Amino acid sequence: MISLRPYNSFGVECYADKLLIVHNLNDLLTLLPSAMPILILGEGSNILFTKNWAGLVILNRIKGIEIIKESGDEVWVKVGAGENWHEFTQWAVDNNLGGVENLSLIYGTVGAAPIQNIGAYGVELETVFERLETVILATGEVKTYEKAACRFGYRESVFKHELKNQHCIVSVTLKLQRNPKKFNTDYGDIALFLQNKGIKTPTLRDISQAVIAIRTQKLPNPSEMGNAGSFFKNPVLSKRQYNELLQQFPYMPSFALNETQVKIPAAWLIQQSGWRGRRVDDAGVAEKHALVLVNYGQATGMEIKHLALDILQSVKQKFGIMLTPEVNIF
Ligand code: FAD
Ligand code: EPU
């Protein structure tokens, strides 16, 4: 039995029968097929363990960043799944390659990024994603998935549904832009940061720095307090549902997704339900941000899950909205 506490950003205690680290494709292939159930872990920053893992945990540490093709200003980069995502974004900034700067300081590995199509500050992985290489755990077969086959959505992909826990992604190929001149500064916080700094013509590094500064201010750092970022997804309502709710809650914030759908910040719903900053034993809702559940030290995964269920109930009762977890609960 081996403790998984150092391998999940919630810092909850739980055990696996066995844990192995893979550094390259061959390491992985020699383990397959396995008689034990396998769980692939990156850096454990989007996972909540509520029980022990009766089987093998494989930590993916397959490294490597390689430019595999260039055409004009377009640059295709193949990245090992075990590279740290944030370090990769900084590599891109250092090399003057645009596309992932708004995704700076997202925790975890490159290989986990497609699982929920990571997103922040107006950009999602899918905007730069080309393809991934993966190994089917049951057979050891290596397969390529192009973008359409990944079926990306808001914090969604086929790997969170039909193909859940069946694959180990080993590399991800992204298409970046050399010497980018245009940046995504639509998100209010970024524009405000640049304005406050008096930056009129931002560089790639300015955008990345803005995102890092905003995130550092808003979100608790898992190395100081266990958490997995947003615990729930922001609910998407039809315009009709939204208008009905607005009658009752005229100050409800919202973001129009398209002509017919509106996204509501789950943080606001949770805060209005009275949960921001509340603590039940060592499990709690961050004071900094109502969408982030935290471990004050000794909370178990089950305690955090029960807190999440109580929050779900409150929000359902007050607003009639059923939140869905973003975090993978095991
Ligand atoms: P893990 O937690 O290790 O794994 C997550 C899931 O993916 C598990 O089901 C695991 O089995 C599977 N998995 C992992 N690696 C592989 C692989 N190579 N092959 C197949 N399956 C795999 N997310 C956002 O989208 N936007 C944000 O802004 C954001 N902010 C965050 C802020 C904080 C403070 C924290 C702690 C988390 C945040 N997250 C955010 C969530 C997290 O950073 C991402 O989900 C990240 O992609 C998780 O990477 P990981 O390597 O830690 O994955
Ligand atoms: N708000 C509150 N109370 C709070 C915090 C926020 O009411 O305690 C309200 C405010 O109205 C605020 C709004 O919620 O304007 C949105 O908050 P924020 O800008 O912090 O973004 P978010 O919707 O909570 C989403 C993602 C984050 C991502 C940021 C930036 C989801 C589930 N979360 O958070 O992703 O970093 O936008 O783009 O979509 C993650 O997935 O783990 C994550 C952190």
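Let me begin by describing the structure that accompanies this report. (Residues numbered from 1 in each chain as written. Chains lettered and ligands numbered in written order. Predicted model: local features only at pLDDT ≥ 70, side-chain atom pairs only at ≥ 80, totals over all residues. Heavy atoms only, no water.)

On to the packing of helix 2 (residues 85-94) against helix 5 (residues 204-218). Running from N to C, helix 2 and helix 5 point in directions that differ by 155°, and their axes come no closer than 9 Å. Between helix 2 and helix 5, the angle is such that the two are roughly antiparallel. Crossing geometry of helix 2 relative to helix 5 is assigned as left-handed. Facing helix 2, whose interface residues are His86, Gln90, Ala92, Val93 and Asp94, helix 5 presents Leu204, Arg205, Ser208 and Ile212. Residue composition of the contact of helix 2 with helix 5, by class: 4 nonpolar, 3 polar and 2 charged. (Axes fitted to C-alpha atoms, helices over the stretch in contact; angles between N-to-C directions. Helix = DSSP H or I, 4+ residues; strand = E, 2+ residues; numbered from the N terminus. Parallel < 35°, antiparallel > 145°, perpendicular 65-115°, else oblique. Left-handed = near helix turned anticlockwise from the far one by under 90°. Contact = heavy atoms within 4.5 Å. Nonpolar A, V, L, I, M, F, W, Y, C, P; charged D, E, K, R; others polar.)

What follows is about the site of ligand 1. Of all residues adjacent to ligand 1, which total 34 residues, the nearest are Ile40, Gly42, Ser45, Thr109 and Arg215. Within the backbone of Glu43, one N or O atom sits 2.9 Å away from an oxygen atom of ligand 1. Taking Arg155, its side chain carries an N or O atom lying 3.4 Å from an oxygen atom of ligand 1. Within the complex, 95% of the 980 Å² of free accessible area of ligand 1 lies under protein. Of all the secondary structure elements, the ones that give two or more residues to the shell around ligand 1 are strand 3 (38-41), strand 9 (119-120), strand 13 (167-178) and strand 14 (226-230). Residues that form the shell around ligand 1 fall into these classes: 17 nonpolar, 14 polar and 3 charged. (Near = heavy atom within 4 Å. Polar contact = N/O pair within 3.5 Å; in protein donor to acceptor, adjacent residues only side chain to side chain. Areas by Shrake-Rupley, 256 points an atom, 1.4 Å probe, with all protein chains shown as cover.)

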